[in-house]
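Read off the chains here:
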Amino acid sequence: MQTLHLTHKVLSTTDLVIIGLYFCVVFAIGFYFSRKERTSTDYFLASRNVGWFAIGASLFVSNISTEHFIGLAGSGASSGLAVGHFEWLACFMLLILGWIFVPFYLRSNVFTMPEFLERRFNRSCATYLASISVIAYIFTKISVHLYAAAVVLERVVGWSPITAAVILVLATGVYTIAGGLAAVIYTDLVQTLILVAGAVVLTILGLHQVGGFGALRAALPPDYFHMIKPASDPDFPWTGIFFGAPILGVWYWCTDQVMVQRVLSARSEGHAKAATIFAGFLKILPVFILVLPGLIAVALYRDLFKFGANGQVLNGDIAYPTLIVNLLPSGLVGMMIAALLAALMGAMSAVFNSASTLVTLDFYKKYRPNASERSLVNFGRIATGSMVLLGLLWVPFIHLISSQLYIYLQSVQAYISPPIAACFILGILWPRLNGAGAITSLLTGFGLGTTRFIMELKERAAGGHYFTSALSGWIVNMNFLHYAIFMFVVCSAVLIVVSLATPAPERKKLAGLTFSTVQAKLDLQPIGGQTAHRLSAETAFEHRVNVVLSLLLALSVIALWIYFR
């Protein structure tokens with residue numbers, strides 16, 4: 001065990017050269033594609049000609065940002081491997097995206113998720129989803145990405161959080177504005193390789209230093225390695241994990257513009273499915289390369305952590321930066337900083353690009369339906385630039401964000417996602433549901449989510465025990481995953497009851513949008529008048545390969561759950 005532990009690292013010339021090379025590669029890709037984007041399909045959907053490997057990598061890196069390095073390792077240090085449930089559940093959500101949702105999205109030829117809701121229900125639902133998505137991106141995603149990056153860079157190399165955040169927002173904005181989705185996806189491919197390589201190297205060095213996996217198990221409490229927690233567990237009850245977390249997962253992976261936009265750029269249905277399966281295999285990794293380092297940090301540098309009365313680590317967020325500065329030699333520090341920058345810039349560019357797609361196609365194009373392709377692309381660039389400016393406006397406030405970062409982000413998502421998940425899932429299952437039911441369900445969910453969020457803030461501000469009535473106490477103290485189940489049930493009931501009490505939608509308008517009308521001839525002229533694009537179907541060989549790999553992925557995750565139960 002080491003006794004003198006570093007808290008900062010001075011970057012060597014080698015480190016700086018590696019970081020410089022990373023920026024050069026990213027900008028080169030961005031500007032290469034900026035010269036190719038001619039139409040809105042080119043700019044927003046990368047010409048619908050991307051292969052499975054690039055899309056799968058982009059799905060992974062759009063999801064993994066710096067807050068995963070901080071949050072997953074921090075939760076690992078505080079409570080063990082259980083936080084990894086969200087990662088492994090994502091493997092199944094990606095399979096649901098590929099096998100259930102993607103065929104509907106691709107056949108209906110949509111550019112955005114609100115556009116799909118508009119086809120299935122009505123314009124009001126599309127406006128709600130586009131508005132709530134853009135607001136959520138600005139208030140949860142951009143702010144949290146920046147906070148996490150600033151924390152890491154300050155702790156590892158001593159950079160000022162404000163300076164680091166400004167440079168990163170501008171650097172990401174430049175290639176996202178210039179090159180559109182193609183630039184984002186192909187830079188994501190490079191960023192995935194750097195991110196995984198850096199994280200794997202750090203995990204291997206950490207395990208070697210601690211004496212192997214057996215020594216790690218011996219150094220920590222046994223419950224750190226048990227992922228299935230009792231239903232009364234305050235953070236990860238098994239009931240919430242297996243029934244509540246999938247509701248968040250369906251919303252995040254199957255209906256959120258940031259994720260689905262990548263799959264919509266596929267060159268064929270077979271490639272789209274293969275991309276989701278590949279991303280599913282990549283999602284097995286974070287438990288081992290992001291959560292496990294948190295456990296390694298506690299085992300190696302116990303004296304740097306603060307412990308509560310019950311023995312729980314209180315400052316888990318320092319776990320990952322601590323490993324970087326103490327374990328990595330110069331050169332590898334540069335590679336790891338590049339990996340962290342890759343995670344941040346990959347996730348941030350995804351948000352910038354998707355938010356600008358929503359603003360351009362779901363708002364601007366509705367007001368100017370005859371806008372030329374050139375004006376759509378130019379407005380898309382302006383909208384992306386606006387998102388970059390909003391990101392910069394967040395910078396002075398990032399120090400106000402709570403340090404229990406990952407749980408904060410997940411809980412905010414838990415209040416947005418259930419009504420959206422209900423409308424998408426039930427909407428493709430049952431043609432009887434209509435627009436009146438959908439918008440009532442979405443607004444009911446918004447009310448329930450906002451109520452809980454405000455109550456939670458008041459309770460925290462008062463240091464607990466703000467609410468005295470039994471009902472208020474029950475609402476505010478319920479685990480956020482259990483609350484997601486409650487919201488999903490209420491919103492589904494509202495959707496069904498209101499739909500049955502109002503006229504059924506016209507059958508011909510549902511062609512290709514529900515399971516029972518999936519074979520009906522689809523009107524392929526998209527809303528807003530873009531040229532219809534026919535995607536090649538999955539071949540018999542692609543189908544067999546995708547089935548085999550999907551089964552392999554599902555069995556791998558189940559085997560891991562059994563081993564770490």
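The structure this text deals with has already been given above.
These lines cover the structure that appears in this document, whether it is placed above or below. (Residues numbered from 1 in each chain as written. Predicted model: local features only at pLDDT ≥ 70, side-chain atom pairs only at ≥ 80, totals over all residues. Heavy atoms only, no water.)

In total, this model carries 26 aromatic pairs according to the counting rule given. Here the aromatic rings of Tyr-252 and Trp-253 are separated by 5.2 Å at their centres, their planes lie at 80°, and the arrangement is edge-to-face. Both residues of the pair, Tyr-252 and Trp-253, belong to the buried class. Centre to centre, the rings of Phe-288 and Phe-564 are 6.3 Å apart; their planes meet at 55°, and the pair counts as tilted. A residue pair is termed long-range when its members are at least 10 positions apart, and Phe-288 in helix 13 (residues 286-300) and Phe-564 in the segment after helix 21 (540-563) qualify at 276 residues. By relative accessible area, which is 4% here, Phe-564 ends up buried. The ring of Tyr-483 has Arg-452 lying over it, and the distance from NZ or CZ to the ring centre is 5.1 Å. (Phe/Tyr/Trp six-rings, centres within 6.5 Å; stacked < 30°, edge-to-face > 60°. Buried < 20%, exposed > 50% of the residue type's maximum accessible area, 1.4 Å probe, protein only. Helix = DSSP H or I, 4+ residues; strand = E, 2+ residues; numbered from the N terminus. Lys NZ or Arg CZ within 6 Å of the ring centre and 35° of its normal.)

Turning our eyes to something else, we now look at helix 13. Across its 15 residues, helix 13 extends 20 Å between first and last C-alpha, which sits within 8% of the 21 Å expected from 1.5 Å per residue. Most pronounced at Leu-292, the bend in helix 13 amounts to some 35°, and the proline Pro-293 follows within four residues. (Expected span 1.5 Å × (residues − 1). Bend = angle between axes of the 7 residues up to and from the residue.)

With 14 residues, helix 4 (residues 66-79) extends 20 Å between its outermost C-alpha atoms, agreeing within 8% with the 20 Å of an ideal straight helix rising 1.5 Å per residue. The element helix 4 is largely enclosed, with a buried count of 14 among its 14 residues. Gly-80 sits one or two positions beyond helix 4 and adopts a positive phi of about 90°.

A few words on the packing of helix 5 (residues 85-108) against helix 11 (residues 257-264). It is at 11 Å that the axes of helix 5 and helix 11 come closest, and there the two elements cross at 70°. When the interaxial angle is binned, helix 5 and helix 11 end up roughly perpendicular. For the pair helix 5 and helix 11, contact is made by Leu-97, Val-102, Tyr-105 and Leu-106 and by Val-260, Val-263 and Leu-264, respectively. Here the residues of the contact of helix 5 with helix 11 are counted per class, giving 7 nonpolar, no polar and no charged. (Axes fitted to C-alpha atoms, helices over the stretch in contact; angles between N-to-C directions. Parallel < 35°, antiparallel > 145°, perpendicular 65-115°, else oblique. Contact = heavy atoms within 4.5 Å. Nonpolar A, V, L, I, M, F, W, Y, C, P; charged D, E, K, R; others polar.)

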